[in-house]
Amino acid sequence: MQKVRPFKSDLGVLKVDADDAQDHRACSRLKNINLTKLHSSYKLYVKTVPRELRLKCLEDSWHPVTPDHCSKASISQWNREISAWRKKVYLWNNVLDTQSNLLSEAVRKGDVEGFLNICTRDVCRVPIDNGYSRLLDPTRTDEVVTPIIYKPRWFKGQITHSGIQILEEKEFLDRAAVVYGNSDDRFKTFYAEYLRSYTDAAPFFDG
């Protein structure tokens, strides 16, 4: 049986389609990168550590390198790369302006140890407020110091934003059950309604 060979014009169309797909993929990935670069943590990062002063030995932590949006990485590989990069960028959420100046001075001197000491001593030790106790106590009216995200069970994504306390629904329900069981019977109806503002999955609710 004679093989059917494609016309040269068909090969040209296939090449153009492949190029268009690659361009579209690169544009989409660049958009993902630029969205992260709009974040305040990235702006502080580039202000503190200009590109020419970034150290290779810190690429896996405080001096992340932007992924190449034109690479031929697969979708899964690209997702891993940009996710890892974002996590490193978000480390800068906890850096204050005064700390930024110290870090900038250290990196200009090439003082890696001094840079890491500042990160370990000052930046990484962010006080974490007990968000669960705040949500479980409707009488608490004081200000929340640490940003809180309530993560329902149906949400399967990963939250990588550092400096934010993540409240898992399962742990919230476990703690709520204890508080509910120990509360006065006169207030259980009120407390149940309060908890329903966060979840309807609590089996211990009356009614």
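Before any of the text, the structure's been laid out above.
Here's what I pulled together on the structure shown here. (Residues numbered from 1 in each chain as written. Predicted model: local features only at pLDDT ≥ 70, side-chain atom pairs only at ≥ 80, totals over all residues. Heavy atoms only, no water.)

**Some thoughts on the overall build of the protein chain**
Item 1. A tally of regular secondary structure across the protein chain gives eight helices and two strands.
Item 2. Listing every helix and strand of the protein chain by position from the N terminus yields α-α-α-α-α-α-β-β-α-α.
Item 3. In the protein chain, which comprises 207 residues, the proportion classed as buried is 31%.
Item 4. Expressed as a percentage of contacts within the protein chain between residues at least 6 apart in sequence, the contacts between residues at least 24 apart total 61%.
Item 5. Here the protein chain has roughly 13,800 Å² of accessible surface; of this, 55% comes from carbon and sulfur atoms. (Helix = DSSP H or I, 4+ residues; strand = E, 2+ residues; numbered from the N terminus. Buried < 20%, exposed > 50% of the residue type's maximum accessible area, 1.4 Å probe, protein only. Contact = heavy atoms within 4.5 Å. Areas by Shrake-Rupley, 256 points an atom, 1.4 Å probe, with all protein chains shown as cover.)

**Considering the packing of aromatic side chains**
Item 1. Overall, the coordinates contain five aromatic pairs when judged by the stated rule.
Item 2. Clustering of aromatic rings is evident, with ring pairs tying together Y42, Y45, W62, W85, W92 and F115. (Phe/Tyr/Trp six-rings, centres within 6.5 Å; stacked < 30°, edge-to-face > 60°.)

**What to know about the side chain of H63**
Item 1. For H63, the position within the fold is in the loop between α2 (40-48) and α3 (75-89).
Item 2. Taking the relative accessible area as the measure of exposure, H63 reaches 1% and is therefore buried.
Item 3. A polar atom in the side chain of H63 sits 2.9 Å from the backbone nitrogen of L55.
Item 4. Beyond its immediate stretch of four places on either side in the chain, H63 contacts Y45, V49, L53, R54, L55, L58, V107 and F115. (Polar contact = N/O pair within 3.5 Å; in protein donor to acceptor, adjacent residues only side chain to side chain.)

**Quick look at α2**
Item 1. Among the residues of α2, those classed as buried are S41, Y42, L44, Y45 and T48. When α2 is viewed along its axis, its buried side chains cluster within an angular range of 160 degrees and face the same direction. What points out from α2, more than 90 degrees from its buried face, is the exposed set S40 and K47. (Arc of directions from axis to C-beta.)

**Here's the deal with the environment of Y42**
Item 1. With respect to the element layout, Y42 can be found in helix α2.
Item 2. Given the relative accessible area of 8%, Y42 is considered buried.
Item 3. On a C-alpha basis, the gap between Y42 and V89 in space is 5.9 Å, while along the polypeptide they are 47 residues apart.
Item 4. Contact partners of Y42, with chain neighbours within four places excluded, come to T36, K37, R54, T66, W85 and V89.

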